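Secondary and tertiary structure notes
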Amino acid sequence: MRVSDERFETVVDADQPGVDPPYDHHDYVGTRLRAPREPLVILPPTLSEVTGPAFGESALAPSDADLTRQHDGEPHGQRIVVEGRVIGDDGRPLRGQLVEIWQANAAGRYRHAVDTHDAPLDPNFSGAGRCLTDQDGRYRFVTVKPGIYPWGNHPNAWRPAHIHFSLFGRAFTERLVTQMYFPDDPLFPFDPIFNAVRDELARARLVSTFDMSLTEPDWALGFRFDIVLGGRQATPLEEPHDG
Ligand SMILES: [Fe+2]
């Protein structure tokens, strides 16, 4: 770990010391250029930000949460169910929260202009989904397992399979972002983004668990990923990045 403790302490979320990754993580090359060089200034939210327009339930369609049904045909890949709860540090469910995900297709390619990875796009997969949490704070997505992709951070750099998550909060200024990984990925020891979370137990909370109870017979495997905001069991959160 080459980020000094002094610098680390200036950039972590004060509510989750040692859990969130630092903005500047030397092994994650992109952070060297974009990490803040001065202490962060907290801007209190204004009334217009927390009362202004936000996504509402009426704007969501059922297919938004099923990434395998957003086109005429089905995407290639291993079909999976990803389910979990969004809960506060006191265990209370966070209801009606907009959960958004984005991911590479089964071949490890994003449908995005800057993704030039030599892997095929899938005409039946956009790689983006969203839903609202229910009364128990629960969300559920159907998708395909994302492929592993190279990302040029260093020679022979490959990202472990992952799904990006965003929690919108009450306004865009409250948006939180993290990543979900899959169990037993052999690339964990080599990934600077995963290892930017210094605490081993905190890193483990970024890894989903295979859950047979979520698995649908003859149809899809199931993975569980709970997101805890704050407290000792907090899920590490990050700034949006290019990995
Ligand atoms: Fe990614």
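Here the structure is shown first, and the text comes after it.
Now for a quick tour of the structure. Computed from a prediction, not measured in an experiment: that's the story for all the values here.

Mapped onto the elements of the fold, Thr31 is located in helix H2 (residues 30–34). Thr31 sits in the buried class, given a relative accessible area of 4%. Within the structure, the side chain of Thr31 is placed 2.7 Å from the backbone oxygen of Tyr28, a separation counted as a polar contact.

Bringing the side chain of Gln103 into the picture now. The residue Gln103 is located in the loop between strand E2 (98–102) and strand E3 (128–132) in this model. Within the local environment of Gln103, its side chain forms a polar contact with the backbone oxygen of Val144, the two atoms lying 2.9 Å apart. Beyond its immediate stretch of four places on either side in the chain, Gln103 contacts Leu67, Tyr110, Phe125, Gly127, Thr143, Val144, Lys145, Pro146, His162 and Ile163.

In a structure, side chains of opposite charge can pair up when their charged atoms sit close to one another. Under the definition given, this model contains 11 salt bridges. Across the pair Asp66 and Arg69 runs a salt bridge, and its minimum N-O distance is 2.8 Å. The partner of Arg224 in a salt bridge is Asp211, and the shortest N-O contact between them spans 2.8 Å. Placement of Arg224 in strand E10 (residues 221–224) and of Asp211 in the loop between strand E9 (209–210) and E10 is noted, with a sequence separation of 13 residues between them. Residue classification places Arg224 among the partly exposed positions, given a relative accessible area of 22%. When salt bridges with common partners are traced through the structure, they connect Glu83, Arg138, Arg140 and Glu216 into a single cluster.

Here is what the cut-offs are and how they apply
- Residues numbered from 1 in each chain as written.
- Predicted model: local features only at pLDDT ≥ 70, side-chain atom pairs only at ≥ 80, totals over all residues.
- Heavy atoms only, no water.
- Helix = DSSP H or I, 4+ residues; strand = E, 2+ residues; numbered from the N terminus.
- Buried < 20%, exposed > 50% of the residue type's maximum accessible area, 1.4 Å probe, protein only.
- Polar contact = N/O pair within 3.5 Å; in protein donor to acceptor, adjacent residues only side chain to side chain.
- Contact = heavy atoms within 4.5 Å.
- Salt bridge = Lys/Arg side-chain N within 4 Å of Asp/Glu carboxyl O.

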